[in-house]
Amino acid sequence: MAEILVYVDHVAGAVHKPTLELLTLARRLGDPVAVALGNGAEGTAAVLAEHGAVKVLIADAPEFAEYLVVPKVDALQAAYEAVGPTAVLVPSSAEGKEIAARLAARIGSGIITDASDLENGADGPVATQSAFAASYTTKSRVSKGTPVITVKPNSAPVEAAPAAGTVEALAVTFSAQATGTKVTARAPRESTGRPELTEAAIVVSGGRGVGGADNFSIIETLADALGAAVGASRAAVDAGWYPHTNQVGQTGKSVSPQLYIASGISGAIQHRAGMQTSKTIVAINKDADAPIFDLVDYGVVGDLFEVVPQLTEAVKAHQG
Ligand SMILES: Cc1cc2nc3c(=O)[nH]c(=O)nc-3n(C[C@H](O)[C@H](O)[C@H](O)COP(=O)(O)OP(=O)(O)OC[C@H]3O[C@@H](n4cnc5c(N)ncnc54)[C@H](O)[C@@H]3O)c2cc1C
């Protein structure tokens with residue numbers, strides 16, 4: 001059967017959820033062969049096998065941590081040459097997209113980024129993407145070389161599908177460019193205890209209607225009750241009420257959770273661009289004519305200061 005190379009996103013052996021989602025999609029196309037690099041790579045093998053990896057190629061070297069992406073590109077290219085896959089799948093993080101683009105350029109392949117679904121077409125994988133600020137849904141396939149495709153988080157369910165997961169060492173020779181850009185310092189981001197915005201299954205966002213930085217606590221309280229990440233519109237970010245790292249939209253982050261709850265957000269096209277592919281969209285807005293209501297699955301016309309706390313209480317009561 002065709003082998004599908006899957007680039008593993010992990011920290012010290014803890015595999016991030018989007019990689020497990022990639023394995024679900026890879027299984028639709030062929031036999032997933034995972035590539036795990038850097039510190040803790042070997043520790044990823046068990047969970048990758050549980051989710052369908054027939055083989056796990058591992059490589060560790062100080063270069064992966066000490067330099068920017070090129071050593072990882074060198075390793076993924078080595079895996080590509082060793083396996084001869086029919087497609088290469090990479091998580092759609094900022095780093096993942098850079099690695100994928102560099103690999104595609106090196107091997108002379110076409111690339112598709114930010115796919116939200118993949119199916120097995122007669123002429124290779126067919127990717128679903130949203131285009132033009134999410135106004136269109138497109139289907140496309142790579143017509144040149146081995147398809148390299150980056151896939152957005154939450155594009156597929158995580159499914160157990162035990163496979164051999166045979167661990168093999170990957171031999172990597174680093175290119176001259178590998179050590180060109182050195183990482184000189186690292187500072188861990190202060191943890192909020194909430195899931196990463198782009199990977200979260202549920203996102204609760206607030207906009208200008210929230211009315212101030214302090215009021216964002218009601219958005220956070222609902223998010224915490226749901227185990228969700230917190231997002232914000234650009235108006236809320238520009239007003240200094242919430243950090244830019246939490247901005248959702250065209251000039252912020254693109255999210256595609258199972259559930260997106262927008263509170264006090266009008267639904268400008270630039271905001272929609274970052275959340276329109278969410279599976280279920282709920283909006284709370286006191287203006288019944290707000291454009292956000294054009295795309296919601298469920299809408300509440302009301303004052304968010306009354307609705308959101310009631311919703312939080314209802315969620316907590318449901319959880320018992
Ligand atoms: C190049 C460019 C890029 C941009 N990129 C982004 C981006 O990445 N992300 C983004 O979000 N925007 C972006 N914008 C800005 C975008 O055009 C809008 O200005 C912005 O999204 C509006 O934010 P908002 O919905 O919070 O505010 P508003 O449009 O002011 O809407 C506030 C809403 O809150 C409602 N409301 C008020 N009080 C309450 C209450 N008590 N209860 C319930 N509802 C209430 C109002 O009815 C209104 O609908 C961009 C703009 C440009 C030009």
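Residues numbered from 1 in each chain as written. Predicted model: local features only at pLDDT ≥ 70, side-chain atom pairs only at ≥ 80, totals over all residues. Heavy atoms only, no water.

A. Structural detail: the domain arrangement of the protein chain. By domain assignment, the protein chain separates into domain 1 (3-179) and domain 2 (197-319). The straight-line distance from the C-alpha centre of domain 1 to that of domain 2 is 31 Å. If you look at the interface, domain 1 gives 10 residues, while domain 2 gives 14 residues. For the pair domain 1 and domain 2, the summed buried area comes to about 930 Å², and 49% of that belongs to carbon and sulfur atoms. Our count for the contact surface shared by domain 1 and domain 2 stands at 0 salt bridges. Along the contact surface separating domain 1 from domain 2 lie 3 residue pairs in polar contact (both at pLDDT 80 or more). (Domains from an automatic or database assignment. Contact = heavy atoms within 4.5 Å. Buried area = accessible area lost by both parts, 1.4 Å probe. Salt bridge = Lys/Arg side-chain N within 4 Å of Asp/Glu carboxyl O. Polar contact = N/O pair within 3.5 Å; in protein donor to acceptor, adjacent residues only side chain to side chain.)

B. Looking closely at the sheet that holds strand E15 (residues 259-263). In space, the 5 strands of this open sheet follow the order E14-E13-E15-E16-E17, with parallel pairing throughout. Looking at the sheet topology across the chains shown, the edges are occupied by strand E14 (229-232) and strand E17 (298-301). Each neighbouring strand pair of the sheet contributes to a mean axis angle of 15°, computed without reference to strand direction. Two strands pair when backbone bridges link them, and strand E13 (residues 202-206) and E14 are joined in this way by 4 bridges, in the parallel orientation. Note on E14: the bridge partner recorded for Val 204 is Val 230. Contacts from helix H6 (residues 216-226) reach E13, E14 and E15 within the one sheet, and its direction differs from that of E13 by about 170°. Contacts from helix H9 (residues 304-319) reach E15, strand E16 (280-285) and E17 within the one sheet, and its direction differs from that of E16 by about 135°. (Pairing = 2+ DSSP bridges. Helix = DSSP H or I, 4+ residues; strand = E, 2+ residues; numbered from the N terminus. Axes fitted to C-alpha atoms, helices over the stretch in contact; angles between N-to-C directions.)

C. Representation of the pattern of salt bridges. The tally for this structure, following the rule as stated, stands at 12 salt bridges. Residue Lys 97 is joined to Asp 114 by a salt bridge in which the shortest nitrogen-to-oxygen separation is 3.2 Å. Within this pair, whereas Lys 97 is found in helix H5 (residues 94-107), its partner Asp 114 is found in strand E7 (residues 111-115), the two being separated by 17 residues in sequence. What makes Lys 97 partly exposed here is its relative accessible area of 28%. For the salt bridge of Glu 220 with Arg 194, the shortest nitrogen-to-oxygen distance reads 3.8 Å. With a gap of 26 residues between them, Glu 220 in helix H6 and Arg 194 in the loop between strand E12 (166-169) and E13 connect regions that are remote in the sequence. (Buried < 20%, exposed > 50% of the residue type's maximum accessible area, 1.4 Å probe, protein only.)

D. Broad picture of the packing of H6 against H9. Running from N to C, H6 and H9 cross one another at 20°; their axes reach a closest spacing of 9 Å. Between H6 and H9, the angle is such that the two are roughly parallel. The crossing of H6 and H9 is left-handed. Residues Ile 218, Thr 221, Leu 222, Ala 225 and Leu 226 of H6 lie in contact with H9, whose contacting residues are Leu 304, Phe 305, Val 308, Pro 309, Leu 311, Thr 312, Val 315, Lys 316 and Gln 319. Grouping the constituent residues of the contact of H6 with H9 by class yields 10 nonpolar, 3 polar and 1 charged. (Parallel < 35°, antiparallel > 145°, perpendicular 65-115°, else oblique. Left-handed = near helix turned anticlockwise from the far one by under 90°. Nonpolar A, V, L, I, M, F, W, Y, C, P; charged D, E, K, R; others polar.)

E. Structural context of the site of the ligand. Residues in close proximity to the ligand total 25 residues, the closest being Arg 208, Ser 233, Thr 251, Ser 266 and Gln 270. At 3.0 Å from an oxygen atom of the ligand is found a main-chain nitrogen or oxygen belonging to Gln 250. A distance of 3.0 Å separates an oxygen atom of the ligand from a polar atom in the backbone of Gly 264. Relative to its free-state accessible area of 980 Å², the ligand is covered by the protein chains to the extent of 75%. Counting only elements with at least two residues in the shell around the ligand, the list comes to helix H7 (234-238), helix H8 (269-272) and H9. Looking at the shell around the ligand residue by residue, the class counts come to 6 nonpolar, 14 polar and 5 charged. (Near = heavy atom within 4 Å. Areas by Shrake-Rupley, 256 points an atom, 1.4 Å probe, with all protein chains shown as cover.)

F. Inspection of helix H1 (residues 17-29) at higher detail. Between the first and last C-alpha of H1 there are 19 Å, a value that for 13 residues agrees with the 18 Å anticipated at 1.5 Å per step. Most of H1 sits inside the fold, with 10 of its 13 residues counted as buried. Those residues of H1 that fall on the buried side of the exposure criterion are Pro 18, Thr 19, Leu 20, Glu 21, Leu 22, Leu 23, Thr 24, Leu 25, Ala 26 and Leu 29. (Expected span 1.5 Å × (residues − 1).)

G. Spatial organisation of the sheet that holds strand E9 (residues 124-131). A sheet is described by the order of its strands in space; here 3 strands give the open sequence E8-E9-E10, paired in antiparallel fashion. Of all strands in the sheet, those with a lone pairing partner are strand E8 (117-121) and strand E10 (136-140), marking the two edges. Between one strand and the next, the sheet's axes are offset by a mean angle of 25°, whatever the strand orientation. With 5 bridges joining them, E8 and E9 adopt antiparallel strand pairing. Counted as the bridge partner of Gly 121 is Gly 124 from E9. Each of E8 and E9 touches H1; the most contacted strand, E8, lies at about 10° to it.

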